[in-house]
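Here's the letter readout for the chains.
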Amino acid sequence: MAAGVTLAAVALPRLPLILVVPLWLTLGLAAAVPGAANTAVARGHALKTMRTAHPLHRLRRGGLVRVTLWGAAGILAVAVLLVRLSAGGAPGWMGAAAGVAAVVAVMWSGRGMTARLHAPVHADARLRRHALLAGTAAVVVVSGLAGWWLGPGDPALTRPATSALIAEAFEAQRLWVGVEAWALGAVTALGLLPPMAEAVLAALLLGVSGGAVAALAVAALMQAQDWRRAVATSSDAQEPPPAPPSAVLAVSTLTVLVLAGAFWSERQLFPHPPEARPMAQLQTTAAERIGTAYYPAGTHAEVDAGRATLAAQDAAALAELRTAAEAGFDAMLAGVDPFLDGYYSLRGEYWRMGVAVGGWVRGDPEAALEAHLAGRLNDALDSDTHLGPVTERLALLSLAEARAQQAARETALLGTALSDINPARLRVEASFPALAPLPELRSLGLSSNLETRLGGSVAMGVLGAVVARRVLQRLVQRGILRLGARALLATVPLVGTALAVGTDVAALKLEEHYNRADFRAEIVAALEEQRASFIAAIAAPSED
């Protein structure tokens, strides 16, 4: 019996209805046996004091009403049990195991005690009643505690099935789980009945599955003569009388009704998609799953739209900054030739000599000359003017407030989780993984990122000097400017003879002829290197 119930519950979603119905009918009629047998004994004892001519004598003696009522109850209870075990998860199986254990314990330990107090037939009936009560109570208690400890499952998850009728039964089970979830404090209510009615329904539904478990376990332990007693004429005799035609009629009628009703329902349900079937009409709230929680439909899209807008603002700000930087460096390249014109002039040469001498007096002619050349290069390239728009945009670039507003919107949206209704009534239209944290914006902390890469401040009036100094440092490192050799020229008189001046002019022209093109190429390459570093700092994520 236990193997049949387990097999039926596990395979229920995959079995075709033509196999499920006979198995369900067989188990349902088996679950009716203990109750029908006990009723037969009780009525048989009562008939001894009832006159044969009494109008109810014949009705109570026969098996039509008794077998019909107990058979219908058993079939219904087993249907609930199979669906619960198949779709209800661990709490249902734990409750069923506890119910079987309770029945076995009562049947084995109580047999001798009841036999000493009652006649054998009545002792067996009383023992079966005790076992049924104990098994039912064990299922209710253990299932309830397991559901409270493990949770009743996710009522919003739909379980597929081969049969449309079984799929609808699983949908009903989801509503049932919603009732249990409400009873355990997970959701507010079923949403179909008053709260007190839902509490009663939850207890009854647990009791129905518990009664089915107990009835099947008791039936498995009953003797053959007690099985016959279930459909026999009502009697408390040790040997049950034969089954009356009314009992056979009752079993046959139940079988026909169950088979016809199941296949007719399947035929009515199968042509319709799941969303058009009756149980789907109870799913009145459109929802979507994000992570493990449920939210109104469109929540994820609204969060995505807000993040996309924020990312677009970030990208647009960075694009404007990059455009300004490209234009600034392009304009700076136009100042290379004026710088070289001044560099290869006699005035520029003598000026550098004077700076070198002054630096020599202070003990560091190379540093003095480097600072002087950096200033002249900055003036010629007009770096501060051309990079001014960049520093202005950096000063104005702050999307921190926009990001904070988006974070507040997301907090408000995710605070509307649908936790106050039965999840089984949700029409889940989409499912998404849990939302990642709100991304950082690349523009936030960009000033620090640029300063780290450029090695200097990006404040207004300072950025151009930083770029010019880095260009000059590259020229010195590559040996294009020999600052130490220039310092030696301080030995030439600052105001010399015409021959000395002529010599200097000739030397400058000769140096310009051989070196200017290479010098220019090096300055352009150094500027392009700074441009690339600047653009990379804009494109790279913030290092803050």
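As the structure is a computational prediction, the values presented were derived from the model and not from experiment.

J.: Account for the overall build of the protein, with residues named and values stated.
T.: Check the secondary structure of the protein and you find 21 helices and three strands. Evaluated residue by residue, the protein yields a buried proportion of 43% over its 544 residues. Of the contacts made within the protein by residues no fewer than 6 positions apart, 81% connect residues no fewer than 24 positions apart. A total accessible area of about 26600 Å² is found for the protein, and carbon and sulfur atoms account for 66% of it.

J.: Residue-level account of the side chain of R66, with values.
T.: With respect to the helices and strands, R66 occurs in helix 4 (residues 64-87). Within the local environment of R66, its side chain forms a polar contact with the backbone oxygen of A232, the two atoms lying 2.5 Å apart. In this structure, R66 is in contact with A36, T39, A40, R43, R61, R229, A230, V231, A232, T233 and S234, ignoring residues within four places of it in sequence.

J.: Explain the pairing of strand 2 (residues 293-296) to me, using residue names and the numbers behind them.
T.: Sheet topology note: the strand 1 (residues 285-290)/strand 2 ladder contains four bridges and is antiparallel. Bridging from a neighbouring strand, A287 pairs with P296 of strand 2. As consecutive antiparallel partners, strand 1 and strand 2 are separated by two residues, and within that stretch G291 has a phi angle of approximately 70 degrees, a positive value.

J.: An account of a nonpolar patch on the surface is requested, with residue identities and associated values reported.
T.: Together, I18, L19, L259 and F263 give the surface a local cluster of nonpolar side chains, amounting to about 350 Å² of exposed area. For the nonpolar patch, the secondary structure elements donating two or more residues are helix 2 (17-47) and helix 10 (245-269). Structurally, L259 is set in helix 10. Assessed through its relative accessible area of 30%, L259 is described here as partly exposed.

J.: Hey, could you go over the pattern of salt bridges for me, with residue numbers and the actual values?
T.: Applying the stated criterion across every chain, the model contains 13 salt bridges. Note that D337 is salt-bridged to R520, the shortest N-O span being 2.9 Å. Residue D337 is located in helix 12 (residues 336-343), and its partner R520 is located in helix 21 (residues 498-539); the two are separated by 183 residues in the primary sequence. When the shortest N-O distance is used, the salt bridge between D379 and R376 registers 2.9 Å. One end of the pair is D379 and the other is R376, both in helix 14 (residues 365-381) and three residues apart, which spans about a single turn.

J.: Please set out the nonpolar core residue by residue, giving values where relevant.
T.: With 43 residues, the main nonpolar core has W24, L82 and L216 as its most contacted residues. Elements with a minimum of two residues in this core: helix 1 (2-11), helix 2, helix 4, helix 5 (90-117), helix 6 (120-150), helix 7 (164-183), helix 8 (195-221) and helix 10. Element by element, the count of residues in this core is highest for helix 2, at 11 residues. Core analysis: the next-biggest nonpolar cluster, separate from the first, contains 28 residues, A368, L377, L387 and I523 among them.

J.: Go over helix 4 with me, naming the residues and quoting the values.
T.: The terminal C-alpha atoms of helix 4, which comprises 24 residues, lie 34 Å apart, in line with the 34 Å expected from a rise of 1.5 Å per residue. Looking at the residues trailing helix 4, positive phi occurs at G89, about 80 degrees.

J.: Talk me through the sheet that holds strand 3 (residues 426-432); I want residue IDs and the actual numbers.
T.: Spatial ordering of the open sheet is given by 2-1-3, a layout of three strands whose pairing is mixed. A strand with exactly one partner marks an edge of an open sheet, and here the two such strands are strand 2 and strand 3. Taken pair by pair, the neighbouring strands of this sheet meet at an average axis angle of 35 degrees, ignoring direction. Seen against the sheet, helix 11 (residues 299-333) touches strand 1, strand 2 and strand 3 and runs at an angle of roughly 55 degrees to strand 1.

J.: Please set out the environment of G63 residue by residue, giving values where relevant.
T.: Checked against the element boundaries, G63 lands in the loop between helix 3 (57-61) and helix 4. Considering only alpha carbons, one finds G63 and A36, 27 residues apart in sequence, at a separation of 8.9 Å. Beyond its immediate stretch of four places on either side in the chain, G63 contacts T68, P244, S246, A247 and A250.

J.: Can you explain the packing of helix 2 against helix 9 (residues 224-231)? Please cite residues and give values.
T.: When two helices pack together, their arrangement is given by the angle between the helix axes and the distance between those axes. One way to put it is that helix 2 packs onto helix 9 with a least axis distance of 7 Å and a crossing angle of 75 degrees. By the angle class used here, helix 2 and helix 9 are roughly perpendicular. The residues of helix 9 that touch helix 2, namely those facing A30, V33, A36, A37, A40 and V41, are D226, W227, R229 and A230. A per-class count over the contact of helix 2 with helix 9 returns eight nonpolar, no polar and two charged.

J.: Can you lay out the confidence of the model for the protein for me, pointing to particular residues and giving the numbers?
T.: Model confidence for the protein is summarised by a mean pLDDT of 77, while 74% of its residues fall at 70 or above. Predicted confidence in the protein is weakest over helix 20 (residues 483-488), with a mean pLDDT of 39, and strongest over helix 10, with 91. Considering only residues more than four positions removed or in separate chains, one finds that residues 455-462, a stretch of pLDDT under 50, has 21 contacts.

J.: Before we move on, could you go through the pairing of strand 1 and cite the residues and values that matter?
T.: In this structure, strand 1 lies alongside strand 3, joined through six bridges in parallel fashion. Paired with R289 across the bridge in strand 3 is S431.

J.: Explain the environment of A42 to me, and be specific about the residues and the numbers.
T.: Within the fold, A42 resides in helix 2. For A42 and S235, which are 193 residues apart along the polypeptide, the C-alpha to C-alpha distance reads 7.8 Å.

J.: So what's going on with helix 14? Which residues, and what values?
T.: Here helix 14 is 17 residues long and its end C-alpha atoms lie 24 Å apart, about the 24 Å a rise of 1.5 Å per residue gives. All buried positions along helix 14 are accounted for by P365, A368, L369, H372, L373, A374, L377, N378 and L381. In the stretch just after helix 14, D382 is the one whose phi turns positive, near 55 degrees.

J.: Lay out the environment of A125 with the relevant residues and their values.
T.: Along the chain, A125 falls in helix 6. The sequence separation of A125 and D226 amounts to 101 residues, and the corresponding C-alpha distance is 9.3 Å. Apart from the residues lying within four places of it in its own chain, the contact partners of A125 are N38 and V41.

Parameters and conventions
Residues numbered from 1 in each chain as written. Predicted model: local features only at pLDDT ≥ 70, side-chain atom pairs only at ≥ 80, totals over all residues. Heavy atoms only, no water. Helix = DSSP H or I, 4+ residues; strand = E, 2+ residues; numbered from the N terminus. Buried < 20%, exposed > 50% of the residue type's maximum accessible area, 1.4 Å probe, protein only. Contact = heavy atoms within 4.5 Å. Areas by Shrake-Rupley, 256 points an atom, 1.4 Å probe, with all protein chains shown as cover. Polar contact = N/O pair within 3.5 Å; in protein donor to acceptor, adjacent residues only side chain to side chain. Pairing = 2+ DSSP bridges. Patch = residues over 30% accessible without salt bridge, like charges linked within 9 Å, V, L, I, M, F, W, Y side chains within 5 Å. Salt bridge = Lys/Arg side-chain N within 4 Å of Asp/Glu carboxyl O. Core = buried A, V, L, I, M, F, W, Y, C linked by side-chain atoms within 4.5 Å. Expected span 1.5 Å × (residues − 1). Axes fitted to C-alpha atoms, helices over the stretch in contact; angles between N-to-C directions. Parallel < 35°, antiparallel > 145°, perpendicular 65-115°, else oblique. Nonpolar A, V, L, I, M, F, W, Y, C, P; charged D, E, K, R; others polar. pLDDT = per-residue confidence, 0-100.

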